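An overview of the molecular structure
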Amino acid sequence: MIRKICLAIAIIIMAVNVKAEGYAVNVQGNKQTGMGHVGTALNFDASSMQWNPGALATLDQKYSFSVGGFATIIKTEFTGALGKEKTDNPTGTPFYLYGSMKVNEKLAIGLGVYTPFGNKVDWGKTWSGKYLIQDIELKAIYIQPTVSYQLADWISVGAGLNIVYGEFSLNKAFPIRNPADGSYIADGAVELSGSKIKYGYNLGVFLQPTEKLNIGLSYRSQVDIELDYADGEADFTIPEALPAQIKGVFPDGGLAATLPLPASFNVGLAYKIDEKWLVSADVNFVQWNKYKSLDFDFENDPANVLDSKSTRNWSNTQIYRIGAQYSANEKLDIRAGFYYDETPTNKKFYTPETPGANKIGISAGFSYMLTDKLSLDASLLYIEGEKTTGTDPSGSFTGAYKNTGFLPGIGITYNL
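Think of each chain on its own: its residues are numbered from 1, step by step along the sequence as written. Residues qualify for local features only when their pLDDT is at least 70, as the model is predicted, and side-chain atom pairs are given and counted only at 80 or more; totals for whole chains, interfaces and linings, by contrast, use all residues. As a rule here, side-chain values come from all non-hydrogen atoms in the structure, and water together with hydrogens is ignored.

A short note on the overall build of the protein
Here is the rule we go by: A run of DSSP states H or I qualifies as a helix once it reaches four residues; a run of E qualifies as a strand once it reaches two. Both are numbered from the N-terminal end. All accessible-area figures derive from a Shrake-Rupley calculation using a 1.4 Å probe, and residue coverage is judged against the displayed protein chains alone.
Secondary structure summary: the protein contains four helices and 22 strands in total. Carbon together with sulfur atoms contributes 58% to the accessible area of the protein, which is approximately 17500 Å² in total.

Let's talk about the packing of aromatic side chains
Applied cut-off: Under the pairing criterion, centres of Phe, Tyr and Trp rings, with the six-membered ring standing for Trp, must be within 6.5 Å; the plane angle then separates stacked pairs below 30 degrees from edge-to-face pairs above 60, leaving the rest tilted. Relative accessible area decides the class of each residue, using a 1.4 Å probe on protein chains only: under 20% of the type maximum gives buried, over 50% gives exposed, and in between gives partly exposed.
Within the structure shown, the criterion is met by 17 aromatic pairs. With a centroid separation of 5.6 Å and 80° between ring planes, the pair formed by tryptophan 127 and phenylalanine 397 is classed as edge-to-face. Of the two residues, tryptophan 127 is situated in the loop between β6 (120–122) and β7 (135–152) and phenylalanine 397 in the loop between β21 (388–391) and β22 (398–415); the sequence distance between them amounts to 270 residues. Both residues of the pair, tryptophan 127 and phenylalanine 397, belong to the buried class. Relative to phenylalanine 250, the ring of phenylalanine 236 has its centre 5.6 Å away and its plane inclined at 45°; by these criteria the two rings are tilted. Residue phenylalanine 236 is located in strand β11 (residues 223–237), and its partner phenylalanine 250 is located in the loop between α4 (244–247) and β12 (253–261); the two are separated by 14 residues in the primary sequence. We note that phenylalanine 236, like phenylalanine 250, is buried. Among the aromatic side chains, those forming a connected cluster through ring pairs are Phe70, Tyr96, Tyr98, Tyr114 and Tyr142.

Some thoughts on the environment of serine 264
The line we're drawing: In what follows, a contact means two residues having at least one pair of non-hydrogen atoms within 4.5 Å.
You can see serine 264 is positioned in strand β13 (residues 264–272). A C-alpha to C-alpha distance of 8.9 Å links serine 264 and tryptophan 288, two positions 24 residues apart in sequence. Once residues lying within four places of it in the same chain are set aside, the contact partners of serine 264 are Ser218, Tyr219, Arg220, Phe285 and Val286.

Quick word on the side chain of asparagine 358
As a reminder, the rule being used: Any pair of nitrogen or oxygen atoms within 3.5 Å is treated as a polar contact; in protein, a donor-acceptor pairing is required on top of that, and neighbouring residues in sequence qualify only through side-chain atoms on both sides.
As for its placement among the helices and strands, asparagine 358 is situated in the loop between β18 (332–341) and β19 (359–369). There is a polar contact of 3.5 Å between the side chain of asparagine 358 and the side chain of tyrosine 340. A polar side-chain atom of asparagine 358 sits 2.8 Å from the main-chain amide nitrogen of threonine 343. In this structure asparagine 358 touches Tyr340, Asp341, Glu342, Thr343, Glu384, Gly385 and Glu386, once residues within four positions along its chain are discounted.

Observations regarding the pairing of strand β5 (residues 107–114)
Note the threshold: A pair of strands is labelled paired if DSSP reports no fewer than 2 bridges between them.
One ladder, built from seven bridges, connects strand β4 (residues 95–102) with β5; its direction is antiparallel. From the neighbouring strand, methionine 101 faces β5, where its bridge partner is isoleucine 109. Taking the residues that link successive antiparallel strands as the turn, the β4-β5 hairpin has four residues.

Side note on unusual backbone geometry
One non-glycine residue, histidine 37, lies in positive phi territory at about 65°. You can see histidine 37 is positioned in the loop between α2 (30–34) and α3 (48–51). Under the relative-accessibility criterion, histidine 37 is labelled buried at 7%.

Side note on the pattern of salt bridges
Put simply, the test is: Any Lys or Arg side-chain nitrogen located within 4 Å of an Asp or Glu carboxyl oxygen qualifies as a salt bridge.
Under the defined criterion, the tally for this structure stands at nine salt bridges. Two residues, lysine 125 and aspartate 135, come together in a salt bridge whose shortest N-O distance is 3.4 Å. Of the two residues, lysine 125 sits in the loop between β6 and β7 while aspartate 135 sits in strand β7, which places them ten residues apart along the sequence. Using a relative accessible area of 6% as the deciding quantity, one classes aspartate 135 as buried. Taking the shortest distance from any N to any O, the salt bridge between glutamate 384 and lysine 402 comes out at 2.9 Å. In this pair, glutamate 384 is assigned in strand β20 (residues 374–385) and lysine 402 in strand β22, connecting sequence segments 18 residues apart.

Quick word on a nonpolar patch on the surface
Operational definition: The patches reported here contain residues having more than 30% relative accessible area and no salt bridge. Joining distances are 9 Å for like charges and 5 Å for nonpolar side chains (Val, Leu, Ile, Met, Phe, Trp, Tyr).
A cluster of nonpolar side chains, Leu111, Ile141, Ile143, Leu161, Tyr165, Ile197 and Tyr199, forms an exposed patch at the surface whose accessible area comes to about 620 Å². Looking at the nonpolar patch, the elements with two or more residues in it are β7, β8 (155–177) and β9 (184–207). Exposure remark for leucine 111: the relative accessible area of 42% places this residue in the partly exposed category.

Thoughts on the environment of tryptophan 314
Within the secondary structure, tryptophan 314 is located in the loop between β16 (308–311) and β17 (317–327). The buried category is assigned to tryptophan 314, whose relative accessible area is 3%.

A few points about the nonpolar core
Threshold: As used in this record, nonpolar core signifies buried Ala, Val, Leu, Ile, Met, Phe, Trp, Tyr and Cys residues forming a set joined through side-chain atoms within 4.5 Å.
Counting 24 residues, the largest nonpolar core has Trp123, Ile133, Phe174, Phe236 and Ile238 as its most contacted members. When residues of this core are traced back to their parent elements, those giving at least two are β7, β8, β9 and β11. Element by element, the count of residues in this core is highest for β8, at four residues. Apart from the residues lying within four places of it in its own chain, the contact partners of isoleucine 238 are Phe174, Ile176, Lys247 and Phe250.

Take it as geometry only, folks, not as evidence of what the structure does.
Pasting the structure below:
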(Lines give C-alpha, C1' and ligand atoms only; values in the text may rest on other atoms or scores of the structure.)
Protein backbone atom coordinates (compact mmCIF):
# COMPACT_ATOMS: atom_id res chain seq x y z
CA MET A 1 0.00 0.00 0.00
CA ILE A 2 2.77 2.44 0.94
CA ARG A 3 4.62 1.53 -2.25
CA LYS A 4 1.57 2.65 -4.24
CA ILE A 5 1.52 5.98 -2.42
CA CYS A 6 5.18 6.54 -3.27
CA LEU A 7 4.62 5.51 -6.87
CA ALA A 8 1.83 8.06 -7.21
CA ILE A 9 4.12 10.78 -5.83
CA ALA A 10 6.74 9.96 -8.45
CA ILE A 11 4.33 10.11 -11.33
CA ILE A 12 3.00 13.47 -10.22
CA ILE A 13 6.46 14.94 -9.93
CA MET A 14 7.11 13.91 -13.51
CA ALA A 15 3.89 15.39 -14.79
CA VAL A 16 4.48 18.70 -13.02
CA ASN A 17 7.60 19.10 -15.07
CA VAL A 18 5.64 18.34 -18.22
CA LYS A 19 7.40 15.13 -19.07
CA ALA A 20 4.73 12.66 -17.97
CA GLU A 21 3.89 10.34 -20.85
CA GLY A 22 0.29 9.57 -20.02
CA TYR A 23 -1.43 12.94 -19.87
CA ALA A 24 1.11 15.51 -21.08
CA VAL A 25 -0.26 17.44 -24.04
CA ASN A 26 2.13 19.50 -26.13
CA VAL A 27 0.20 22.56 -27.26
CA GLN A 28 2.45 25.60 -27.19
CA GLY A 29 1.30 27.37 -30.37
CA ASN A 30 -1.83 27.29 -32.52
CA LYS A 31 -0.02 27.48 -35.85
CA GLN A 32 2.25 24.55 -35.05
CA THR A 33 -0.51 22.51 -33.40
CA GLY A 34 -2.62 22.88 -36.54
CA MET A 35 0.22 21.18 -38.45
CA GLY A 36 0.58 18.17 -36.15
CA HIS A 37 2.71 20.14 -33.68
CA VAL A 38 5.71 20.30 -36.02
CA GLY A 39 7.97 23.29 -35.52
CA THR A 40 11.67 22.40 -35.43
CA ALA A 41 12.17 23.67 -39.00
CA LEU A 42 9.53 26.46 -39.01
CA ASN A 43 10.02 30.18 -38.35
CA PHE A 44 6.48 31.55 -38.26
CA ASP A 45 6.87 34.13 -35.48
CA ALA A 46 8.09 34.52 -31.88
CA SER A 47 6.53 31.17 -30.95
CA SER A 48 9.30 29.46 -32.93
CA MET A 49 11.67 29.87 -29.96
CA GLN A 50 9.91 27.04 -28.15
CA TRP A 51 10.62 24.50 -30.92
CA ASN A 52 14.01 25.78 -32.09
CA PRO A 53 15.78 28.78 -30.51
CA GLY A 54 17.94 29.08 -33.61
CA ALA A 55 14.92 30.07 -35.72
CA LEU A 56 14.36 33.34 -33.85
CA ALA A 57 17.16 35.23 -35.62
CA THR A 58 15.68 34.41 -39.04
CA LEU A 59 12.39 36.28 -38.50
CA ASP A 60 11.85 39.20 -40.88
CA GLN A 61 9.91 41.26 -38.34
CA LYS A 62 11.69 43.48 -35.83
CA TYR A 63 9.03 42.72 -33.21
CA SER A 64 6.85 39.63 -32.97
CA PHE A 65 4.23 38.69 -30.37
CA SER A 66 2.05 35.60 -30.09
CA VAL A 67 -0.50 34.81 -27.38
CA GLY A 68 -3.18 32.16 -27.06
CA GLY A 69 -4.61 29.22 -25.20
CA PHE A 70 -6.33 25.85 -25.43
CA ALA A 71 -9.10 23.85 -23.81
CA THR A 72 -8.00 20.31 -23.00
CA ILE A 73 -10.90 17.86 -22.94
CA ILE A 74 -9.23 14.55 -22.08
CA LYS A 75 -10.90 11.32 -20.95
CA THR A 76 -9.64 7.88 -20.00
CA GLU A 77 -11.81 4.76 -19.96
CA PHE A 78 -10.83 1.79 -17.81
CA THR A 79 -12.28 -1.70 -18.26
CA GLY A 80 -11.62 -4.05 -15.36
CA ALA A 81 -13.28 -6.54 -13.07
CA LEU A 82 -16.18 -4.16 -12.33
CA GLY A 83 -16.80 -3.20 -15.96
CA LYS A 84 -16.18 0.18 -17.56
CA GLU A 85 -15.21 3.26 -15.54
CA LYS A 86 -14.29 6.73 -16.82
CA THR A 87 -12.50 9.80 -15.60
CA ASP A 88 -14.56 12.95 -15.04
CA ASN A 89 -11.92 15.59 -15.72
CA PRO A 90 -12.63 19.32 -15.70
CA THR A 91 -11.43 21.21 -18.76
CA GLY A 92 -7.81 22.37 -18.57
CA THR A 93 -6.69 25.72 -19.96
CA PRO A 94 -2.99 25.77 -20.94
CA PHE A 95 -1.80 29.08 -22.42
CA TYR A 96 1.24 30.61 -24.13
CA LEU A 97 2.79 34.05 -24.56
CA TYR A 98 5.84 34.80 -26.70
CA GLY A 99 7.62 38.02 -27.57
CA SER A 100 10.79 38.64 -29.58
CA MET A 101 12.88 41.54 -30.85
CA LYS A 102 15.57 41.79 -33.53
CA VAL A 103 18.41 43.70 -31.86
CA ASN A 104 20.13 44.00 -35.23
CA GLU A 105 20.20 42.08 -38.50
CA LYS A 106 21.90 39.07 -36.91
CA LEU A 107 20.92 39.07 -33.23
CA ALA A 108 17.47 38.40 -31.75
CA ILE A 109 16.23 37.98 -28.20
CA GLY A 110 12.93 36.67 -26.88
CA LEU A 111 10.91 35.54 -23.90
CA GLY A 112 8.34 32.77 -23.76
CA VAL A 113 5.87 31.93 -20.98
CA TYR A 114 3.77 28.82 -21.49
CA THR A 115 1.98 26.03 -19.65
CA PRO A 116 2.27 22.77 -21.58
CA PHE A 117 0.33 21.05 -18.80
CA GLY A 118 -2.31 22.32 -16.39
CA ASN A 119 -5.07 19.76 -15.90
CA LYS A 120 -6.92 17.80 -13.24
CA VAL A 121 -7.36 14.04 -13.70
CA ASP A 122 -10.34 12.83 -11.67
CA TRP A 123 -11.16 9.13 -11.40
CA GLY A 124 -13.67 9.72 -8.58
CA LYS A 125 -13.61 8.80 -4.91
CA THR A 126 -15.08 5.31 -5.19
CA TRP A 127 -13.78 3.82 -8.45
CA SER A 128 -12.13 0.40 -8.34
CA GLY A 129 -8.61 1.87 -8.41
CA LYS A 130 -9.18 4.31 -5.53
CA TYR A 131 -6.27 2.78 -3.62
CA LEU A 132 -3.94 3.77 -6.47
CA ILE A 133 -5.33 7.19 -7.36
CA GLN A 134 -8.49 9.26 -7.00
CA ASP A 135 -7.56 12.63 -8.48
CA ILE A 136 -4.49 14.63 -9.48
CA GLU A 137 -4.25 18.36 -10.11
CA LEU A 138 -1.20 19.74 -11.86
CA LYS A 139 0.01 23.23 -12.70
CA ALA A 140 3.23 24.09 -14.49
CA ILE A 141 4.61 27.36 -15.85
CA TYR A 142 7.64 27.51 -18.13
CA ILE A 143 9.56 30.78 -18.47
CA GLN A 144 12.08 30.76 -21.32
CA PRO A 145 14.45 33.66 -22.04
CA THR A 146 16.06 33.05 -25.43
CA VAL A 147 18.89 34.43 -27.55
CA SER A 148 19.50 33.66 -31.23
CA TYR A 149 22.28 34.67 -33.65
CA GLN A 150 22.57 34.36 -37.42
CA LEU A 151 26.09 33.19 -38.23
CA ALA A 152 25.55 33.45 -41.98
CA ASP A 153 22.68 33.80 -44.42
CA TRP A 154 22.06 30.06 -44.29
CA ILE A 155 22.67 29.18 -40.62
CA SER A 156 21.60 30.53 -37.23
CA VAL A 157 21.95 29.20 -33.71
CA GLY A 158 20.09 29.83 -30.46
CA ALA A 159 19.80 28.89 -26.82
CA GLY A 160 17.04 29.12 -24.24
CA LEU A 161 16.96 28.73 -20.47
CA ASN A 162 13.95 26.83 -19.11
CA ILE A 163 12.81 28.05 -15.70
CA VAL A 164 10.03 25.72 -14.59
CA TYR A 165 7.67 26.26 -11.68
CA GLY A 166 5.40 23.31 -10.95
CA GLU A 167 2.94 22.38 -8.25
CA PHE A 168 0.68 19.40 -7.66
CA SER A 169 -1.91 17.91 -5.37
CA LEU A 170 -3.00 14.28 -5.22
CA ASN A 171 -5.76 12.49 -3.34
CA LYS A 172 -6.14 8.75 -2.85
CA ALA A 173 -7.60 6.22 -0.46
CA PHE A 174 -5.86 3.27 1.15
CA PRO A 175 -7.03 0.30 3.24
CA ILE A 176 -6.07 0.16 6.90
CA ARG A 177 -5.57 -3.37 8.17
CA ASN A 178 -5.25 -5.04 11.55
CA PRO A 179 -1.53 -5.62 12.18
CA ALA A 180 -2.34 -8.85 14.02
CA ASP A 181 -4.19 -10.74 11.31
CA GLY A 182 -4.22 -8.44 8.25
CA SER A 183 -7.98 -8.05 8.24
CA TYR A 184 -9.53 -4.89 6.80
CA ILE A 185 -10.51 -2.23 9.35
CA ALA A 186 -11.34 0.97 7.46
CA ASP A 187 -10.28 3.28 4.65
CA GLY A 188 -7.79 6.05 5.24
CA ALA A 189 -6.99 8.99 2.94
CA VAL A 190 -3.87 10.86 1.99
CA GLU A 191 -3.31 14.20 0.29
CA LEU A 192 0.07 14.68 -1.37
CA SER A 193 1.16 18.13 -2.43
CA GLY A 194 4.29 20.03 -3.32
CA SER A 195 5.98 22.60 -5.51
CA LYS A 196 9.39 22.96 -7.11
CA ILE A 197 11.43 25.26 -9.33
CA LYS A 198 13.86 23.50 -11.69
CA TYR A 199 16.08 24.54 -14.57
CA GLY A 200 16.96 23.16 -17.97
CA TYR A 201 17.99 24.42 -21.38
CA ASN A 202 17.32 23.97 -25.07
CA LEU A 203 19.67 24.52 -27.97
CA GLY A 204 18.85 24.93 -31.64
CA VAL A 205 20.44 25.13 -35.08
CA PHE A 206 18.39 26.47 -37.98
CA LEU A 207 19.61 25.88 -41.55
CA GLN A 208 18.30 27.46 -44.78
CA PRO A 209 20.38 25.88 -47.56
CA THR A 210 17.95 27.13 -50.24
CA GLU A 211 15.06 29.60 -50.37
CA LYS A 212 12.59 26.73 -50.19
CA LEU A 213 14.20 24.34 -47.71
CA ASN A 214 14.60 24.69 -43.93
CA ILE A 215 16.37 22.17 -41.70
CA GLY A 216 16.07 22.33 -37.93
CA LEU A 217 17.95 20.58 -35.12
CA SER A 218 17.23 21.12 -31.44
CA TYR A 219 18.13 19.53 -28.11
CA ARG A 220 16.37 19.73 -24.76
CA SER A 221 18.44 18.80 -21.73
CA GLN A 222 17.69 16.18 -19.13
CA VAL A 223 16.35 17.63 -15.88
CA ASP A 224 16.95 15.82 -12.60
CA ILE A 225 14.08 16.38 -10.20
CA GLU A 226 15.50 16.43 -6.68
CA LEU A 227 12.67 16.70 -4.20
CA ASP A 228 13.75 17.21 -0.59
CA TYR A 229 11.69 17.18 2.56
CA ALA A 230 10.89 20.88 2.26
CA ASP A 231 9.36 20.50 -1.22
CA GLY A 232 6.91 17.64 -0.78
CA GLU A 233 4.35 16.90 1.92
CA ALA A 234 2.15 13.94 2.81
CA ASP A 235 -0.99 14.63 4.87
CA PHE A 236 -2.71 11.47 6.15
CA THR A 237 -6.32 11.29 7.39
CA ILE A 238 -7.05 8.33 9.64
CA PRO A 239 -10.46 7.59 11.28
CA GLU A 240 -10.51 8.99 14.82
CA ALA A 241 -11.77 5.73 16.29
CA LEU A 242 -8.60 3.81 15.41
CA PRO A 243 -5.97 3.21 18.10
CA ALA A 244 -2.85 5.38 18.31
CA GLN A 245 -0.48 2.59 17.28
CA ILE A 246 -2.18 2.35 13.89
CA LYS A 247 -2.31 6.12 13.41
CA GLY A 248 1.39 6.30 14.18
CA VAL A 249 2.23 4.21 11.10
CA PHE A 250 1.13 7.10 8.87
CA PRO A 251 3.00 10.23 10.03
CA ASP A 252 2.48 13.55 8.27
CA GLY A 253 5.64 15.22 7.00
CA GLY A 254 7.96 15.71 4.09
CA LEU A 255 9.36 13.31 1.53
CA ALA A 256 12.49 13.18 -0.61
CA ALA A 257 13.12 11.70 -4.04
CA THR A 258 15.31 11.99 -7.13
CA LEU A 259 13.96 11.37 -10.61
CA PRO A 260 15.69 11.93 -13.96
CA LEU A 261 13.54 13.47 -16.70
CA PRO A 262 14.59 12.60 -20.25
CA ALA A 263 16.49 14.62 -22.79
CA SER A 264 15.12 14.88 -26.34
CA PHE A 265 16.73 15.45 -29.71
CA ASN A 266 14.54 16.86 -32.48
CA VAL A 267 15.05 16.92 -36.24
CA GLY A 268 12.80 18.79 -38.65
CA LEU A 269 12.47 19.58 -42.34
CA ALA A 270 10.24 22.20 -43.97
CA TYR A 271 9.84 22.68 -47.72
CA LYS A 272 7.96 25.41 -49.55
CA ILE A 273 6.60 23.67 -52.64
CA ASP A 274 5.30 26.88 -54.20
CA GLU A 275 3.65 30.14 -53.14
CA LYS A 276 0.63 28.20 -51.85
CA TRP A 277 1.98 25.05 -50.20
CA LEU A 278 4.33 24.48 -47.26
CA VAL A 279 5.03 21.00 -45.84
CA SER A 280 7.00 20.05 -42.75
CA ALA A 281 7.98 16.95 -40.78
CA ASP A 282 9.59 16.37 -37.38
CA VAL A 283 11.03 13.39 -35.54
CA ASN A 284 11.48 13.63 -31.76
CA PHE A 285 13.88 11.18 -30.07
CA VAL A 286 13.11 10.97 -26.34
CA GLN A 287 15.60 9.36 -23.95
CA TRP A 288 13.16 7.67 -21.59
CA ASN A 289 15.55 4.81 -20.78
CA LYS A 290 17.05 6.96 -18.02
CA TYR A 291 13.86 6.27 -16.08
CA LYS A 292 14.90 3.02 -14.38
CA SER A 293 13.24 3.16 -10.97
CA LEU A 294 11.53 5.32 -8.37
CA ASP A 295 13.16 5.64 -4.93
CA PHE A 296 11.53 7.60 -2.10
CA ASP A 297 12.29 8.53 1.48
CA PHE A 298 9.71 9.75 4.02
CA GLU A 299 10.94 12.32 6.53
CA ASN A 300 9.09 10.98 9.58
CA ASP A 301 10.03 7.36 9.06
CA PRO A 302 13.17 6.63 11.13
CA ALA A 303 12.72 2.87 10.77
CA ASN A 304 12.44 3.12 6.96
CA VAL A 305 9.12 1.28 7.01
CA LEU A 306 7.50 3.57 4.41
CA ASP A 307 10.47 4.03 2.07
CA SER A 308 10.03 2.58 -1.38
CA LYS A 309 11.98 1.38 -4.40
CA SER A 310 10.01 0.54 -7.53
CA THR A 311 11.35 -0.62 -10.89
CA ARG A 312 10.01 1.16 -14.01
CA ASN A 313 12.41 0.30 -16.89
CA TRP A 314 10.93 2.57 -19.54
CA SER A 315 12.28 2.59 -23.11
CA ASN A 316 13.49 5.25 -25.52
CA THR A 317 10.81 6.42 -27.96
CA GLN A 318 10.24 8.39 -31.13
CA ILE A 319 7.44 10.73 -32.16
CA TYR A 320 6.80 11.15 -35.90
CA ARG A 321 5.03 14.32 -37.07
CA ILE A 322 3.96 15.70 -40.44
CA GLY A 323 1.97 18.78 -41.39
CA ALA A 324 1.04 21.07 -44.26
CA GLN A 325 -0.07 24.66 -44.75
CA TYR A 326 -2.05 25.99 -47.70
CA SER A 327 -2.20 29.73 -48.33
CA ALA A 328 -5.67 30.14 -49.82
CA ASN A 329 -5.24 33.89 -50.35
CA GLU A 330 -3.45 36.87 -48.85
CA LYS A 331 -5.54 36.68 -45.68
CA LEU A 332 -6.16 32.97 -45.04
CA ASP A 333 -3.77 30.09 -44.27
CA ILE A 334 -5.22 26.60 -43.73
CA ARG A 335 -3.33 23.84 -41.90
CA ALA A 336 -3.55 20.11 -41.19
CA GLY A 337 -1.28 17.58 -39.52
CA PHE A 338 -0.77 14.11 -38.10
CA TYR A 339 1.57 12.46 -35.60
CA TYR A 340 2.32 9.04 -34.10
CA ASP A 341 3.64 8.98 -30.53
CA GLU A 342 5.23 5.82 -29.13
CA THR A 343 4.77 4.99 -25.46
CA PRO A 344 7.82 4.28 -23.26
CA THR A 345 5.81 2.50 -20.56
CA ASN A 346 6.48 -1.05 -19.47
CA LYS A 347 3.30 -3.12 -19.17
CA LYS A 348 4.78 -5.08 -16.27
CA PHE A 349 4.88 -1.86 -14.22
CA TYR A 350 1.70 -0.09 -15.36
CA THR A 351 -0.45 2.30 -13.30
CA PRO A 352 -3.52 4.53 -13.80
CA GLU A 353 -1.61 7.68 -12.81
CA THR A 354 -0.09 7.79 -16.31
CA PRO A 355 -1.86 5.17 -18.46
CA GLY A 356 0.48 5.46 -21.44
CA ALA A 357 -0.21 4.03 -24.88
CA ASN A 358 0.90 4.40 -28.45
CA LYS A 359 -1.27 7.20 -29.78
CA ILE A 360 -2.08 9.24 -32.85
CA GLY A 361 -2.89 12.91 -33.16
CA ILE A 362 -4.90 14.48 -36.00
CA SER A 363 -5.07 18.26 -36.25
CA ALA A 364 -6.38 21.14 -38.35
CA GLY A 365 -6.21 24.91 -38.08
CA PHE A 366 -6.11 28.26 -39.79
CA SER A 367 -4.83 31.83 -39.51
CA TYR A 368 -6.81 34.82 -40.77
CA MET A 369 -5.23 38.25 -41.19
CA LEU A 370 -7.44 40.77 -39.41
CA THR A 371 -5.05 43.56 -40.42
CA ASP A 372 -1.73 43.61 -42.23
CA LYS A 373 0.02 43.01 -38.86
CA LEU A 374 -2.53 41.08 -36.74
CA SER A 375 -3.74 37.52 -37.35
CA LEU A 376 -6.31 35.30 -35.64
CA ASP A 377 -4.96 31.75 -35.16
CA ALA A 378 -7.07 28.68 -34.36
CA SER A 379 -6.52 24.92 -34.20
CA LEU A 380 -8.20 21.67 -33.20
CA LEU A 381 -6.29 18.55 -32.14
CA TYR A 382 -7.79 15.09 -31.64
CA ILE A 383 -5.75 12.47 -29.75
CA GLU A 384 -6.54 8.76 -29.52
CA GLY A 385 -4.49 6.11 -27.75
CA GLU A 386 -4.42 2.39 -28.41
CA LYS A 387 -6.40 0.29 -25.99
CA THR A 388 -3.74 -1.02 -23.63
CA THR A 389 -3.94 -3.72 -20.97
CA GLY A 390 -1.53 -3.46 -18.07
CA THR A 391 -0.93 -4.57 -14.49
CA ASP A 392 0.36 -2.43 -11.63
CA PRO A 393 3.69 -3.39 -9.99
CA SER A 394 1.96 -5.26 -7.15
CA GLY A 395 0.10 -7.45 -9.63
CA SER A 396 -3.23 -6.74 -7.93
CA PHE A 397 -4.80 -4.27 -10.37
CA THR A 398 -5.22 -5.22 -14.02
CA GLY A 399 -7.36 -3.74 -16.76
CA ALA A 400 -7.56 -2.11 -20.17
CA TYR A 401 -7.11 1.66 -20.65
CA LYS A 402 -8.30 3.82 -23.53
CA ASN A 403 -7.38 7.52 -23.86
CA THR A 404 -9.05 10.17 -26.05
CA GLY A 405 -8.80 13.93 -26.14
CA PHE A 406 -10.06 17.03 -27.95
CA LEU A 407 -7.99 20.21 -27.75
CA PRO A 408 -9.45 23.32 -29.41
CA GLY A 409 -7.23 26.41 -29.36
CA ILE A 410 -7.32 30.08 -30.30
CA GLY A 411 -4.75 32.88 -30.30
CA ILE A 412 -3.47 36.02 -32.01
CA THR A 413 -0.13 36.95 -33.57
CA TYR A 414 1.13 40.51 -34.02
CA ASN A 415 4.18 41.25 -36.16
CA LEU A 416 5.67 44.64 -36.95
